[in-house]
Amino acid sequence: VGANKSAVKMIAMGTQLHAQAYFEYDAKKSGGVTISHLRFGPKPIHAPYNVRAADYLAIHKPSYVHSYDMTRYLKQNAVCVINCSWDTSELEKQLPAKMRKDLAEKQAKLFIIDATKIAVKAGLGKRINMIMQTVFFKLSAVMPYEEAVEMLKKSIKKMYGKKGDKVVQMNIDGVDASVSGITECPVPATWAEISLPGEAGGSTKDAKGPRKIVDLAPKQFADGVQQPCNNLDGNSLPVSTFVPGGRVPLGTSQFEKRGIAINVPKVDMDLCTQCNKCSLICPHAAVRPFLATQQELSAAPKDFSAGSRAAIGGGVLDNYQYRIQVSPWDCTGCELCVRICPADALKLADAAKVIEEEEANWNFAVTLPDRGDEIDKTTVKGSQFQKPYLEFSGACEGCGETPHVKLMTQLFGERLVIANATGCSSIWGGSNPSFPYTVNAKGEGPAWANSLFEDNAEFGFGMRKAFKQRRDYLANQVEDTLADKEVLMSEELRAALNQYLVMRKENMHDLLLPRGRSIYHQIMEKLVPLLEKEKGDHPKIHSLYDLEDMFGRSSFWIVGGDGWAYDIGYGGLDHVIASEEHVNILVLDTEMYSNTGGQASKATPKGAMAKFAEGGKLTQKKDMGQLAMTYKNVYVASICVHVNPQQAVRAMIEADAYPGPSIILAYSPCISQGFPMAESIQHCQMAVDSGYWPLYRYNPELAAHGNNPFQLDSRKIKGDLFKFLAKENRFAAVMRRDPKHAEELDNKLQENLVQKNHLLQVLNKEDLEGQFSKLVEGLSDAKSSGDSITVLYGSESGNAEEQAKNLMQDLIARGLKATVSSLDDFEFEELPNQKIMILVVSTCGLGEYPANCKQTWLKLQ
């Protein structure tokens, strides 16, 4: 759209022609369809309708030729150009029959260009807009080509000047290389004689591309609404097609199969360590681990079976074969899985080739049983064996929001209720006709609704209050039924109802079972079949059966971006966290209004350029976490799944179990911050290391037991803030424009961050002092009894080992007996015989245990 707007302005201002432009585009943030309707002529143009007879047609993605009827509105003798990697000899095979027939019958001139290859060579990555714009001026003859190129280069300097000279030059290089890449292709006259499906002599087989509706989803919606809309025929649907009230089935995004990636990952299972990090970080749930039995593999495609390996991890995993499988049609090619893999087991390959090799494997993988219930979901690895109830959304490539929401659905999906504020998360989360929230085999999944920007917190709060009212009514009904001696029931049912009532009457909040399940949900699973069996025995039992879904505890989450949470909806959010209600808030913090073009919010940091803060924001970011902690009854966490996924898992589980309001602030890297999204993982690590985004948890329940409620999970600032800022264009642009002003703002930002981190260290220190007091007490007992103290360490880099040995010297200096050893060097069987032990262990990487203590840890399991 931006490139075409520039072209229209150039033609209108640089020639005697009048111009008209209308832009039509969907809500997809990656691979979305954009149609530019452009008209030019010597007289004023009065045409309030779409172009329906095009002299020039440019198809910017090769997948569009299979997805849409591209030549429907092509004029006689028109020009058609396709961006693709095919050569002339492949067109017969690649172009659909109708398209070939139209090109021949309309005597069109056909051109191809591999604009993506030119863009990559120029350093532009997948950005082909200026290359295709150059092609437009060359082939359309709207204005003299040489004049057009000169004006185009001037517009590039104006459009991309803020991003630096390097970006400007890359676009100019792309323009200069464009024309030489154009190839004119002959259109055989025999194409006009092609018989189409439904015509006399034509095949009746559906010759459409990859989109195939199967019986796994609501077929009526897919056939009647989704398919016409995705074929750009949505405007032809009558109102009667739609369900009154706006309710739509979940899980329809799985049928789009957009195929928008140029390159997608392939997995080398011989290198795979089965850590599941690739699945965790995938924004679109297109990379997943699957578990299969040997019997199931006997029915698998040959490549799937050959690529499976024995599952690692012990316990229930010993019963299965393991495989990482990519959905090549749904991948957007963001590269994050390749970047996060610790073993380089994923490599990018040409999408067309991977689709050919892996499509059948993916189709088989999704038919395998969901085995999430067998596996502990409270670990990073275990969480990724849970079904993602958010899949194949229209979010940007490398989106930083969706991994957090996807993880939330994996932890609570079958009992999740989401109130979603308007913003990015409502657009990729619920744009007609395809919905990425989905259900499991039992039909359970998130209930999702979108409210206004300004009242989402109240909207979700009302949902929770209504649910609580219904559960209170259920508890009264259960109590009345149990007290009524005329109601006869089985002892099994009576015991289960009593168990539920005890939980409710004693106001016990939802304790978590070892594998992260809800106790209430387990009680519901026990009660429902019993109530169904005995519902005919008495009307009161039947009434309880009618309320069966209230026995479980839904997990209520109010979700939105920082524009909603920090700005427009803050009044409602503050009202909710000031309540005592058990409701959770997830703030996807991109530090700007991402959905509307990158305007500054109160979450935008000092010194960052954004719309309405072109010279760099002068005020510092609102500290939402500290504001929430002042209430003393709110669970608060600051997380980033890209840096410390285990902390993110723990924070979400703790927030859900906490019997009051909670708020989780999730650092969500965004393309509008001005850095390549493929670098998000390293970039987020720099944000945490430099103190820009500290990771912490504040749990008021800990204070009730005499412990410090605050836990700082990113202890030490060890990164360079200015190196981090220089990598983001929102800061770098201010530096280029006014270095002195930028330096002042960045210095103030650093000063603010140092003060904030100092305060967090002070909050965390209270717990250190408490632990030190316990240690001193134990050492005093050891000195009086003459017992020896065993100091054991686990160390990867040597820091923990050094601390352990220093500690031993201090103990000896105080007259105590002490020995020191790595955990794996110490005899495991002797551990129970040690009266006093001090363990000094520092995890490495993303939470892995150091090599010299891993065996001890596995034995302890």
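My aim in this report is to walk through the structure given alongside it, one point at a time. Keep in mind that this is a model prediction, so the values were computed, not measured.

Considering the overall build of the chain
Step number 1: Counting its secondary structure elements, the chain contains 32 helices and 22 strands.
Step number 2: At 31 Å, the chain has a C-alpha radius of gyration in line with the 29 Å of a compact globule built from 861 residues.
Step number 3: With the C-alpha coordinates aligned to their principal axes, the bounding extent of the chain is approximately 100 × 75 × 55 Å.
Step number 4: Across the 861 residues of the chain, 51% fall into the buried class.

Some details on the side chain of Q384
Step number 1: One can find Q384 in the loop between helix 15 (380-383) and helix 16 (402-412).
Step number 2: Contact partners of Q384, with chain neighbours within four places excluded, come to N276, S279, L280, P289, K406, L407 and Q410.

Regarding the packing of helix 16 against helix 25 (residues 645-657)
Step number 1: For the pair helix 16 and helix 25, interaxial distance at closest approach is 11 Å and the crossing angle is 55°. Taken as axis vectors, helix 16 and helix 25 run oblique relative to one another. For the crossing formed where helix 16 meets helix 25, the hand is right-handed. Counting all contacts with helix 16, which are made through H404, L407, M408, L411 and F412, the residues of helix 25 involved are A648, V649, M652, I653 and D656.
Step number 2: Grouping the amino acids of the contact of helix 16 with helix 25 by side-chain chemistry returns eight nonpolar, one polar and one charged.

Thoughts on the nonpolar core
Step number 1: Of all hydrophobic cores here, the largest spans 69 residues; its most connected members are F551, I663 and Y692.
Step number 2: Residues within four places of F551 in sequence aside, it is in contact with R471, L474, V478, L497, Y500, Y520, M524, L527, L531 and L544.
Step number 3: Listed in part, the 34 residues of the second largest apolar core include F111, Y160, I172 and V175.

Structural notes on unusual backbone geometry
Step number 1: A cis amide bond links N432 with the next residue in sequence, P433, at an omega value of 10°.
Step number 2: Here P433 shows up in the loop between helix 17 (424-427) and strand 13 (447-450).
Step number 3: Positioned with a positive phi, A141 is a non-glycine residue whose angle comes to about 60°.
Step number 4: Owing to a relative accessible area of 63%, A141 belongs among the exposed residues under this scheme.

Considerations on helix 8 (residues 165-178)
Step number 1: Here helix 8 spans 20 Å end to end across 14 residues, near enough to the 20 Å set by a 1.5 Å rise per residue.
Step number 2: Buried within helix 8 are the following residues: V168, M170, N171, I172, G174, V175 and S178.
Step number 3: Residues of helix 8 that are buried sit in contact with strand 5 (109-113), helix 5 (115-122), helix 6 (129-140) and helix 7 (145-160).

Calculation notes
- Residues numbered from 1 in each chain as written.
- Predicted model: local features only at pLDDT ≥ 70, side-chain atom pairs only at ≥ 80, totals over all residues.
- Heavy atoms only, no water.
- Helix = DSSP H or I, 4+ residues; strand = E, 2+ residues; numbered from the N terminus.
- Rg over C-alpha atoms; globule rule 2.2 N^0.38 Å.
- Buried < 20%, exposed > 50% of the residue type's maximum accessible area, 1.4 Å probe, protein only.
- Contact = heavy atoms within 4.5 Å.
- Axes fitted to C-alpha atoms, helices over the stretch in contact; angles between N-to-C directions.
- Parallel < 35°, antiparallel > 145°, perpendicular 65-115°, else oblique.
- Left-handed = near helix turned anticlockwise from the far one by under 90°.
- Nonpolar A, V, L, I, M, F, W, Y, C, P; charged D, E, K, R; others polar.
- Core = buried A, V, L, I, M, F, W, Y, C linked by side-chain atoms within 4.5 Å.
- Expected span 1.5 Å × (residues − 1).

In short, shape yes, function no, at least from these values alone.
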